[in-house]
Amino acid sequence: MGCSKWRAAFNFGHLRVQSKLSVFFTMIILFTYLFYCLNGFCDSLPRPVYERQSGFQTKMILKDGEEESTQQHNASQVSFVRGQLSDFSNTDVASNISVANTFGSKKFPQAIIIGVKKGGTRALLEFLRIHPDVRAVGAEPHFFDRFYEKGLAWYRNLMPRTLDGQITMEKTPSYFITKEAPRRVFSMSRHTKLIVVVRDPVTRAVSDYTQTLTKSPGLPSFQNLAFRNATTGLIDTSWSAVRIGIYAKHLENWLHFFPLSSFLFVSGERLVTDPAGEMGRVQDFLGLKRVVTDKHFYFNQTKGFPCLKKPEGSSRPRCLGKSKGRPHPQIPSEVLLRLRDFYRPFNLKFYQMTGHDFGWD
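Procedures and definitions
Residues numbered from 1 in each chain as written. Predicted model: local features only at pLDDT ≥ 70, side-chain atom pairs only at ≥ 80, totals over all residues. Heavy atoms only, no water. Helix = DSSP H or I, 4+ residues; strand = E, 2+ residues; numbered from the N terminus. Buried < 20%, exposed > 50% of the residue type's maximum accessible area, 1.4 Å probe, protein only. Contact = heavy atoms within 4.5 Å. UniProt positions renumbered as here; feature names shortened; annotations may be inferred. Polar contact = N/O pair within 3.5 Å; in protein donor to acceptor, adjacent residues only side chain to side chain. Salt bridge = Lys/Arg side-chain N within 4 Å of Asp/Glu carboxyl O. Phe/Tyr/Trp six-rings, centres within 6.5 Å; stacked < 30°, edge-to-face > 60°. Lys NZ or Arg CZ within 6 Å of the ring centre and 35° of its normal. Axes fitted to C-alpha atoms, helices over the stretch in contact; angles between N-to-C directions. Parallel < 35°, antiparallel > 145°, perpendicular 65-115°, else oblique. Nonpolar A, V, L, I, M, F, W, Y, C, P; charged D, E, K, R; others polar. Pairing = 2+ DSSP bridges. Disulfide = S-S within 2.5 Å.

Some words on the side chain of S262
Here S262 lies in the loop between α10 (247-255) and β11 (263-267). A relative accessible area of 11% means that S262 is categorised as buried. Ignoring any residue separated from it by four or fewer positions in sequence, one finds S262 in contact with T192, K193, L194 and F285.

So, in C-alpha cells, the structure goes:
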C-alpha cells in the first residue's frame with residue numbers, strides 16, 4: 001500500500017516537472033519568434049509600425065531624411081495603413097510619420113515643384129506634407145540639373161516609399177530655369193505634374209539678393225549687380241537674381257515638352273495671404289482630397305507669413321526656419337521702378353501664357 005502511494009506521488013511529481021518544462025520551452029519558442037518578427041525577419045506577421053520623426057525644425061530648413069517602408073503587401077493591409085494615416089492628419093503629424101519596413105515601394109515622383117527660387121517652394125512643400133497621401137523628399141535632389149549622370153535608378157532610390165494611392169513628390173526650384181530639365185523630366189515621364197510657385201519678380205530678386213548677402217556680407221550693392229550701366233539703366237540679365245524672374249522665357253522652354261495642362265502656377269503672394277485657398281487649388285491639381293484647410297494655419301505677425309498650428313502634444317507651432325522671412329535691405333525706389341519697368345512686358349506675356357493675371361503690375 002505504501003509503495004503504491006509512493007509511486008503515485010512520484011508519477012504526479014514527474015508529470016508536474018514535465019508540464020513546467022513544456023511551458024518553459026513553449027515560452028522560449030514564443031519569445032524567440034516574437035523577437036525575430038519584431039526585427040523584420042518574419043514575413044508571416046505583417047504589421048504597421050508608426051514612429052514620430054524627431055527634429056521637425058531640421059526638416060523645415062532643408063535636411064530631413066525620411067525612414068520609410070520597404071515591401072508592398074495586399075490591398076487590405078494598404079487600406080488599413082492609409083486609414084491610420086488619415087486619423088493622424090487632423091493632428092498635423094502625418095508628415096512626421098514613417099511606416100516601418102513592411103509597406104510601400106519607391107517610385108519616380110508623380111509631381112515635382114520645379115520653381116521658383118525664393119517664390120515660396122519650401123512653404124508649399126511643408127504645407128503639402130500635412131496631407132497623408134503625400135510623401136516627399138526633404139532635401140532638394142537636384143537630379144535634373146546637377147546629378148543627371150547618376151542615372152534614374154539613383155534618383156528613384158532617393159524617393160520615400162509610398163503606398164497605393166499616395167503621391168511621391170520632390171522640389172528643386174532651379175529646374176525651372178535649367179535648359180535641359182524639361183527634356184530630362186519628359187524622358188522620365190510625360191505625365192509628370194509640374195508645380196511652379198511664382199512671385200512678383202522684383203520682390204523675388206530682392207529676396208534672392210538678401211539671401212546671398214547673408215552668406216557673403218561683402219557683396220556689392222543690389223543696384224550695382226542689377227544694372228550693367230547705372231547711367232543708362234540697362235539691366236544685367238546675366239545676374240541670376242534678375243534672370244530667374246523672366247518667367248515667360250523659362251516657361252517657353254518647358255512648353256516645348258509639356259502641355260499647359262501639366263502645370264499649376266501657384267501665387268507666392270496668395271500662399272502668404274490665403275494659404276488654405278491656394279492649398280485647395282494644389283490639392284485639386286494633384287487629385288487629392290482637400291485635407292489641408294484653414295484649420296491648419298495661423299498668421300505669424302513676427303515672421304510675416306503663415307505657420308502651421310501646433311499638433312497635439314507639441315509645445316509650439318511649426319514655422320519655417322530662421323532663414324525664412326528675413327528683413328530686406330533698403331533699395332532705392334528709383335532702382336525698383338526701373339526693374340519693374342523691365343519686367344512689365346515679360347509679366348504681361350507670362351499672364352497671357354498661363355491665362356492668369358498675378359497682379360504684379
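Quick notes on the UniProt feature "binding site: 3'-phosphoadenylyl sulfate" (unreviewed entry) in the protein chain
Here the UniProt-annotated "binding site: 3'-phosphoadenylyl sulfate" (unreviewed entry) positions come out as K118, G119, G120, T121, R122, R199, S207, K324, G325, R326, P327 and H328. In this structure, S207 sits in helix α7 (residues 201-215). When neighbours within four sequence positions are excluded, S207 is seen to be in contact with K118, R199 and H328.

A few points about the environment of K106
Its location among the elements puts K106 in strand β3 (residues 105-106). Using a relative accessible area of 27% as the deciding quantity, one classes K106 as partly exposed. Residues K106 and L158 lie 52 residues apart in sequence; the distance between their C-alpha atoms is 8.3 Å. In contact with K106, not counting residues within four places along its chain, are R156, N157, M159, P160 and R161. A distance of 2.7 Å separates a polar side-chain atom of K106 from the backbone oxygen of N157.

Quick look at unusual backbone geometry
In the segment running from G115 into V116, the intervening peptide bond is cis, with an omega of -5°. Residue position: V116 is located in the loop between β4 (111-115) and α4 (121-128). A positive phi angle, close to 60°, is found at K118, a residue other than glycine. The topology assignment puts K118 in the loop between β4 and α4. Exposure remark for K118: the relative accessible area of 14% places this residue in the buried category. For H142, which is not glycine, the phi torsion reads 55° and is therefore positive.

Section: the pattern of salt bridges
One pass over the structure, following the stated rule, counts 14 salt bridges. D236 serves as the salt-bridge partner of R228, at 3.4 Å between the closest nitrogen and oxygen. Under the relative-accessibility criterion, R228 is labelled exposed at 55%. What makes D236 buried here is its relative accessible area of 16%. Note that E252 is salt-bridged to K349, the shortest N-O span being 2.5 Å. Of the two residues, E252 is situated in helix α10 and K349 in helix α13 (residues 333-354); the sequence distance between them amounts to 97 residues.

Digging into the packing of aromatic side chains
Pairs of aromatic rings are described using the distance from one ring centre to the other and the angle between the two planes. Tallied over the full model, the rule gives 28 aromatic pairs. With 5.8 Å between their ring centres and 50° between their planes, Y351 and W360 make a pair best called tilted. On the basis of relative accessible area, Y351 is assigned to the buried category, the value being 9%. The ring of F108 has R156 lying over it, and the distance from NZ or CZ to the ring centre is 5.1 Å. We note K193 situated over the ring of F285; from NZ or CZ to the ring centre the distance is 5.6 Å.

Some points on the packing of α7 against α13
As a packed pair, α7 and α13 sit with axes 9 Å apart at the nearest point and diverge in direction by 125°. Regarding the angle of α7 to α13, the classification is oblique. Residues P201, V202, A205 and V206 of α7 form the contact with α13, whose participating residues are L336, L339, R340, Y343 and N347. Looking at the contact of α7 with α13, its residues break down into 7 nonpolar, 1 polar and 1 charged.

Concerning the sheet that holds strand β8 (residues 193-198)
Spatially, β5-β7-β4-β8-β11 is the arrangement adopted by the 5 strands of the open sheet, whose pairing is parallel. The sheet is open, and its two edges are formed by β5 (134-136) and β11, each paired on a single side. Taking each pair of neighbouring strands and ignoring which way they run, the sheet shows an average axis angle of 25°. Where helix α12 (residues 275-285) meets the sheet, it contacts β8 and β11, and its direction lies at approximately 170° from that of β11.

A closer look at the state of the cysteines
As enumerated under the stated definition, the model contains 1 disulfide in all. Each sulfur of the disulfide joining C307 and C319 lies 1.9 Å from the other. Its S-S torsion of approximately 115° makes the covalent link between C307 and C319 right-handed. Of this pair, C307 sits in strand β13 (residues 305-308) while C319 sits in the loop between β13 and α13, placing them 12 residues apart in sequence. Residue C307 is classed as buried on the basis of its relative accessible area of 1%.

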